Amino acid sequence: MLFEQQLEAMSAVAKIGKSDEMRGAEVLFEACWLGGAEIIKTDVALKMAVICQLNLLVSSCVVDIKNL
């Protein structure tokens, strides 16, 4: 079940990201949110820092998969 939810979230990110990269990044952020300090969701600088790290993480996974 969790794997299916992850695939759905990644599908949504890819679909939305094609037309609006920032909105796609926000969808990824929301899909990955497990909890924590709410200020991360409201402070633009903190949220962007998290989004950058998520993009690095996803990018490295895609590179590893392509190199298989």
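Residues numbered from 1 in each chain as written. Predicted model: local features only at pLDDT ≥ 70, side-chain atom pairs only at ≥ 80, totals over all residues. Heavy atoms only, no water.

Asks: Quick one: what's the story with the overall build of the chain, residue by residue and with numbers?
Replies: Regarding its fold elements, the chain presents 4 helices and 0 strands. Along the chain, from the amino end to the carboxyl end, the secondary structure elements read α-α-α-α. For the chain, buried positions account for 15% of its 68 residues. Put simply, 21% of the contacts in the chain that link residues at least 6 apart link residues at least 24 apart. Summing over all exposed atoms, the chain offers an accessible surface of approximately 5,400 Å²; the carbon and sulfur share of this is 64%. (Helix = DSSP H or I, 4+ residues; strand = E, 2+ residues; numbered from the N terminus. Buried < 20%, exposed > 50% of the residue type's maximum accessible area, 1.4 Å probe, protein only. Contact = heavy atoms within 4.5 Å. Areas by Shrake-Rupley, 256 points an atom, 1.4 Å probe, with all protein chains shown as cover.)

Asks: Kindly report on the environment of Asp-43, identifying the contributing residues and their values.
Replies: In this structure, Asp-43 sits in the loop between α3 (39-42) and α4 (44-66). Here Leu-46 takes part through its backbone nitrogen, which lies 2.9 Å from a polar atom of the side chain of Asp-43. (Polar contact = N/O pair within 3.5 Å; in protein donor to acceptor, adjacent residues only side chain to side chain.)

Asks: Which residues make up the nonpolar core, and what are the values?
Replies: Judged by nonpolar contacts, Val-13, Ala-25, Val-27, Leu-28, Phe-29, Ile-51 and Leu-54 together constitute the single largest core of 7 residues. Looking at this core, the element that brings in the most residues is helix α2 (residues 21-32), giving 4 residues. (Core = buried A, V, L, I, M, F, W, Y, C linked by side-chain atoms within 4.5 Å.)

Asks: Residues and numbers for α2, please.
Replies: If you check α2, its first and last C-alpha atoms are 16 Å apart, about what 12 residues at 1.5 Å a residue would give, namely 16 Å. If you check which residues of α2 are buried, you get Gly-24, Ala-25, Val-27, Leu-28 and Phe-29. Measuring from the side-chain oxygen of the N-cap residue of α2 to the backbone nitrogen of Met-22 gives 3.3 Å; that N-cap residue is Asp-20. (Expected span 1.5 Å × (residues − 1).)

Asks: Tell me about the packing of aromatic side chains, and name the residues and values.
Replies: According to the stated counting rule, one finds 1 aromatic pair in the structure shown. Ring plane angle 40 degrees and centroid distance 5.6 Å describe the contact between Phe-29 and Trp-33, whose orientation is recorded as tilted. (Phe/Tyr/Trp six-rings, centres within 6.5 Å; stacked < 30°, edge-to-face > 60°.)

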